[in-house]
Amino acid sequence: MTGTLIQPTIIKNILTGVLLCILIIALIYIMPLIGVFAWMVLPLPVLFYRLKTGRNASGIIIVASLTMLVVFTQNFAFNTLYFGSLLMTGFFLGEFIEKHLSVEKIMLYTCFAVLGTCAAVLFIYSLIYAQGIDNLISNYISRYHALSSQLFSESAQLYPEMNVDRQMLEKASSLFVLIFPSIFINSYLTMVWLNIILIKKVLFKKGIIVKSIENLNQWKAPDYLVFGVIALSIFIFLPIYTLKIIAINCLIILMFVYFFQGIAVASFFFQKKRWPFALRFFFYTLIAIQPLFMFLVIGFGLFDTWINFRKLDTAM
């Protein structure tokens, strides 16, 4: 997939990649509502040009995009870490897709590579500014609680007829902080999965087929994860608070893994029965807006471990 191209073509690809990245970032800043969805495809330009032009050109795209962003926003720390991690996601996805690894290894290795890079950046930042990583995290949590408390007070003053239960909202806010790691990881995994699906379609249109990401609707979580679900479910009821919080976060992540498997089961039968696009879109919309359907999909993914709805073993 990566070939040696003439120099003007490489320059054109780099400029196009930088332009696409800056346009997506601008969309995130200018239109926050659309930006919620735009950030999920930010790794795609880097991923595409990593596979098309190679490691060096995609690295230049990342550095040039971040440099332009910092110059325009004057916010070095946040932009470098946040947007840099998204751009690096595309880079590492390209690295591991090019190695023809299995889809779970592609996602897992990408997560660890980006996490390791971000941890290294945070460590260097803490050394430069003589502030520990634990202090950085605690400061962000304290700032979040302060902003939440201010928001609740202003809401109660502006809308007294709503009878806002401030204590209940503060408890919900505290709960959100406790499960934020799992929510963040799940949203990141969703972004990685979406970019794999998109790059698969882009490559297919160009006549390139990558076998490791070709049959995503046949993906199945490793069987041993079921034992993790059982163990974590037991840990939740133990009287050790820290262990309970860790177990809850890990269980939420595992449930999301089975959500992916459930989606794969649904996609498999959509393709097998040749359901029209409108019906598929309606089904996926229901999953997105209706928690009951989401839990149903998770259930399909979990029980597929034993029932094997797609009969993958007999089909192979």
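Residues numbered from 1 in each chain as written. Predicted model: local features only at pLDDT ≥ 70, side-chain atom pairs only at ≥ 80, totals over all residues. Heavy atoms only, no water.

Caption draft 1: Structural detail: the packing of helix H10 (residues 241-273) against helix H12 (residues 291-307). Axis separation between H10 and H12 bottoms out at 7 Å; the angle between their running directions is 85°. As far as their axial angle goes, H12 and H10 are roughly perpendicular. When H10 is examined against H12, the residues Met-255, Tyr-258, Phe-259, Gln-261, Gly-262, Ile-263 and Val-265 are found in contact with a partner set consisting of Met-294, Val-297, Ile-298, Gly-301, Leu-302, Asp-304 and Thr-305. Counted by class, the contact of H10 with H12 contains 9 nonpolar, 4 polar and 1 charged residues. (Axes fitted to C-alpha atoms, helices over the stretch in contact; angles between N-to-C directions. Helix = DSSP H or I, 4+ residues; strand = E, 2+ residues; numbered from the N terminus. Parallel < 35°, antiparallel > 145°, perpendicular 65-115°, else oblique. Contact = heavy atoms within 4.5 Å. Nonpolar A, V, L, I, M, F, W, Y, C, P; charged D, E, K, R; others polar.)

Caption draft 2: The arrangement of the environment of Phe-237 in detail. With respect to the element layout, Phe-237 can be found in the loop between helix H9 (225-235) and H10. As a C-alpha pair, Phe-237 and Ala-247 span 10 residues in sequence and 9.6 Å in three-dimensional space.

Caption draft 3: The arrangement of the packing of helix H1 (residues 7-30) against helix H4 (residues 55-73) in detail. Taken N-terminus to C-terminus, the directions of H1 and H4 make an angle of 40°; their axes are 9 Å apart at the nearest point. As the angle between them shows, H1 and H4 are arranged oblique. Handedness of the crossing formed by H1 with H4: right-handed. On H4, the residues that touch Ile-10, Asn-13, Ile-14, Gly-17, Val-18, Cys-21, Ile-22, Ile-25 and Tyr-29 of H1 are Ala-57, Ile-60, Ile-61, Ala-64, Ser-65, Met-68, Leu-69 and Thr-73. A class-by-class count of the residues in the contact of H1 with H4 yields 13 nonpolar, 4 polar and no charged. (Left-handed = near helix turned anticlockwise from the far one by under 90°.)

Caption draft 4: Looking closely at the confidence of the model for the protein chain. Within the protein chain, residue pLDDT values average 80, and 78% of them lie at 70 or more. Within the protein chain, helix H13 (residues 312-315) has the poorest average pLDDT of any element, 53, and helix H3 (residues 43-53) the best, 92. (pLDDT = per-residue confidence, 0-100.)

Caption draft 5: Molecular detail of a nonpolar patch on the surface. A cluster of nonpolar side chains, contributed by Leu-27, Tyr-29, Ile-30, Met-31 and Ile-34, occupies part of the molecular surface with about 460 Å² of accessible area. The biggest single contributor to the nonpolar patch is H1, with 3 residues. As for its placement among the helices and strands, Met-31 is situated in the loop between H1 and helix H2 (32-38). Met-31 gets classed as partly exposed once you look at its relative accessible area, which sits at 38%. (Patch = residues over 30% accessible without salt bridge, like charges linked within 9 Å, V, L, I, M, F, W, Y side chains within 5 Å. Areas by Shrake-Rupley, 256 points an atom, 1.4 Å probe, with all protein chains shown as cover. Salt bridge = Lys/Arg side-chain N within 4 Å of Asp/Glu carboxyl O. Buried < 20%, exposed > 50% of the residue type's maximum accessible area, 1.4 Å probe, protein only.)

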